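# Architecture and fold: a report
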Amino acid sequence: MLALCGTGRALCLVVVAVSLGSSTAYASVSQAAPPDNAVIVWDRNAQTAIWDIAGQQPQVQARSFAMVHGAVYDAVNAIAGTPYQPYLAAPAAKGGESTDAAVATAAFRVLNELFPAQQARLTTQYDEAMATIPDGGAKRRGTTVGAQAAAAMIAARRNDGAFGDQTWTVGTQPGQWRPTPPAYASDGAWVGHLKPFLIPSASMFRTSGPPALTSDRYARDFNEVKTIGSATSTVRTADQTQAAIWWHDRHLAEWEIKRQLATNRRLSTLQSARMFAMVDLAEADATTACFNEKATWHFWRPITAIQQADTDGNPETAADPTWTPLLVTPPHPDFTSGHACFTAASMTALTYFFGRDDISFSGYSAASGTTRHYRSFSQAIAEVIEARVWGGIHTRTADVQGAKIGQQVTAYAVKHYFKPRGQ
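Only a predicted model underlies this, so the values are computations on that prediction, with no experimental measurement involved.

About the cut-offs
Residues numbered from 1 in each chain as written. Predicted model: local features only at pLDDT ≥ 70, side-chain atom pairs only at ≥ 80, totals over all residues. Heavy atoms only, no water. Helix = DSSP H or I, 4+ residues; strand = E, 2+ residues; numbered from the N terminus. Rg over C-alpha atoms; globule rule 2.2 N^0.38 Å. Buried < 20%, exposed > 50% of the residue type's maximum accessible area, 1.4 Å probe, protein only. Contact = heavy atoms within 4.5 Å. Areas by Shrake-Rupley, 256 points an atom, 1.4 Å probe, with all protein chains shown as cover. Expected span 1.5 Å × (residues − 1). Disulfide = S-S within 2.5 Å. Axes fitted to C-alpha atoms, helices over the stretch in contact; angles between N-to-C directions. Parallel < 35°, antiparallel > 145°, perpendicular 65-115°, else oblique. Left-handed = near helix turned anticlockwise from the far one by under 90°. Nonpolar A, V, L, I, M, F, W, Y, C, P; charged D, E, K, R; others polar. Core = buried A, V, L, I, M, F, W, Y, C linked by side-chain atoms within 4.5 Å. Phe/Tyr/Trp six-rings, centres within 6.5 Å; stacked < 30°, edge-to-face > 60°. Lys NZ or Arg CZ within 6 Å of the ring centre and 35° of its normal. pLDDT = per-residue confidence, 0-100. Salt bridge = Lys/Arg side-chain N within 4 Å of Asp/Glu carboxyl O.

## Focus on the overall build of the protein chain
- Looking only at helices and strands, the protein chain has 13 helices and 4 strands in total.
- Whereas a compact globule of 423 residues would reach a radius of gyration of roughly 22 Å, the protein chain reaches 22 Å, a difference of no more than 12%.
- Taking the principal axes of the C-alpha coordinates as reference, the protein chain spans close to 75 × 45 × 40 Å.
- Within the span of the protein chain, comprising 423 residues, buried residues form 57% of the whole.
- Intrachain contacts of the protein chain at a sequence separation of at least 6 include 76% that bridge at least 24 residues.
- Surface summary for the protein chain: the accessible area is close to 16,200 Å², and the carbon and sulfur share equals 53%.

Here is the structure:
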């Protein structure tokens, strides 16, 4: 690929994406970089509501972003003549509607439903966006399309199990999960019982579970994370430490990566809507499937396993009652890794959308104070698997199996959703 502009507005060589079936082809042209399209703008607005203000954790964020972009996609796709399969339904449209009005309305109405406490702020943001669109029939009809897409999404997710009262099973036997320091919290069990967006069942990609405590595989996982994931590890490199912190940042770099790709690859509004919906809905279902695994196996975290290794019956493990990980352990079981599920789903969806793996991108984390660069989507998957071990919060098997679930979810999604009509 030829070098692309960043997010600036200087004259430069760009790449225009043209969707061809399941992949995307590119043609080079010389032009000034356009302003961000409405999908990118409202993804940024969604981030403000979902994370900057509401502070939703990743397993909760996934549902919120999926709802926003599923509705936006259906609205934009309808106005474009429904060239792709709708997610829920295609609102009636003739093609002359304002796409910007439809995107703003769909996103606003979903966000307003999700975050009623932010209604005043969201309304001001929406009114300001709509004020930039010329008044007239196109604006009115676009608003109607967006409202209908949002209403369909809101109705579809009503009573979907979000924020249910499920709790994690707390055990006392070797291998069983229990809350971990410093907060000894238990949170997010409902996510594994959430109604999926795409896959038929949260348990459809059930694994055979973590390795037996007395197995060689378990001993290898144990000793690896004990050595390299310790807060005081002497074998973890500075770059590995930065990577562990970068991937643990609750302000997920994946958000900016999607916007970066949409901008740098010069995606149209329709292409952006389709890409964001594919990625975000796959991420949501991968997270649900992962948490369903956690609920099934309720396997202990490395900090518990290492501190209580004298109870596991494995002669190749040794207890260290004072061991602590580099990162703070999240308040739910080890198996499988939520971030590995999430990232593998998103990166696999991006590979499918662009029709290639070898696309470069980067992301900044304030938590680590670093920007990490990737040459391909598969490189990011490989690194998140390592990073959760380097951070001392997951075993390798939990990461590998989590990534596998994420890839399986996306494979199902692209086979059954978002396809060009007629395929």
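## Things to note about helix α8 (residues 253–264)
- Along its 12 residues, α8 runs 16 Å from first to last C-alpha, staying within 8% of the 16 Å computed at 1.5 Å per residue.
- In terms of burial, α8 is largely enclosed, as 11 of its 12 residues are buried.
- Among all positions in α8, only A253, E254, W255, I257, K258, R259, Q260, L261, A262, T263 and N264 are buried.
- Backbone geometry just downstream of α8 places R266 in the positive-phi region, at approximately 55 degrees.

## Considering the state of the cysteines
- Counted by the stated rule, this structure contains 0 disulfides.
- No disulfide involves C341; its sulfur sits 3.5 Å from the nearest other cysteine sulfur, which is in C290.
- According to the relative accessible area criterion, C341 is buried, its value standing at 0%.

## Quick look at the packing of helix α11 (residues 338–354) against helix α13 (residues 396–416)
- Put simply, α11 and α13 touch, their axes get as near as 7 Å, and they point 40 degrees apart. By the angle class used here, α11 and α13 are oblique. Taken as a pair, α11 and α13 cross one another with a handedness that is right-handed. Residues A340, C341, A344, A345, T348, A349 and Y352 of α11 form the contact with α13, whose participating residues are D399, G402, A403, I405, G406, Q407, T410 and V414.
- Residues of the contact of α11 with α13, tallied by class, amount to 9 nonpolar, 5 polar and 1 charged.

## Details of the nonpolar core
- Of all hydrophobic cores here, the largest spans 101 residues; its most connected members are V72, L111, F197, L261 and M275.
- For this core, the element with the highest residue contribution is helix α2 (residues 58–79), accounting for 11 residues.
- Residues within four places of V72 in sequence aside, it is in contact with V39, V103, A106, A107 and A273.
- If you look at the next biggest cluster of nonpolar residues, it comprises 19 residues, including V191, A282, A289 and A345.

## Topic: the packing of aromatic side chains
- Enumeration according to the criterion identifies 17 aromatic pairs in this entry.
- Ring geometry for Y218 and F299: centres 6.2 Å apart, planes at 85 degrees, overall edge-to-face. In this pair, Y218 is assigned in helix α6 (residues 216–228) and F299 in the loop between α9 (269–297) and α10 (302–307), connecting sequence segments 81 residues apart.
- Looking at F299, the relative accessible area reads 7%, which means it is buried.
- Put simply, the rings of W246, W247, F353, F354, F361, Y374 and F377 touch in pairs and so form one group of aromatic residues.
- A cation over an aromatic ring shows up here: R157 above the ring of F197, its NZ or CZ 3.7 Å from the ring centre.
- Here the basic side chain of K258 rests over the ring of F65, its NZ or CZ set 5.9 Å away from the ring centre.

## A closer look at unusual backbone geometry
- A cis amide bond links P181 to the next residue, P182, at an omega of 10 degrees.
- Following the sequence through the fold, P182 ends up in the loop between α5 (137–156) and α6.
- Omega for the peptide link from F335 to T336 comes to 5 degrees, which places this bond in the cis form.
- Along the chain, T336 turns up in the loop between α10 and α11.
- Here H298, not a glycine, exhibits a phi torsion of approximately 30 degrees, which is positive.
- Relative to the helices and strands, H298 resides in the loop between α9 and α10.

## Observations regarding the confidence of the model for the protein chain
- Residues at a pLDDT of 70 or more form 92% of the protein chain, whose mean pLDDT is 92.
- This stretch, residues 1–30, has a pLDDT under 50; its non-local contacts, to residues over four places away or in other chains, come to 77 contacts.

## A short note on α13
- In this model α13 runs 31 Å from its N-terminal to its C-terminal C-alpha over 21 residues, within 8% of the 30 Å that 1.5 Å per residue would give.
- Residue F418 follows α13 closely and has a positive phi angle near 65 degrees.

## Section: the pattern of salt bridges
- This model, assessed by the stated rule, comprises 15 salt bridges.
- In this structure, K139 and D135 form a salt bridge, with 3.0 Å as the shortest nitrogen-oxygen distance.
- In this structure, the salt-bridge partner of E256 is R259, at a minimum N-O distance of 3.1 Å. You can see E256 and its partner R259 sitting in helix α8, 3 residues apart, about one turn around the helix.
- By relative accessible area, R259 is classed as buried at 4%.
- If you follow the salt bridges from partner to partner, you end up with D43, E256 and R259 in one network.

## With respect to the side chain of T397
- On the secondary structure map, T397 appears in helix α13.
- We classify T397 as buried; its relative accessible area is 13%.
- Those residues in contact with T397 that lie beyond four places of it in its chain are P211, R217, D221 and F335.

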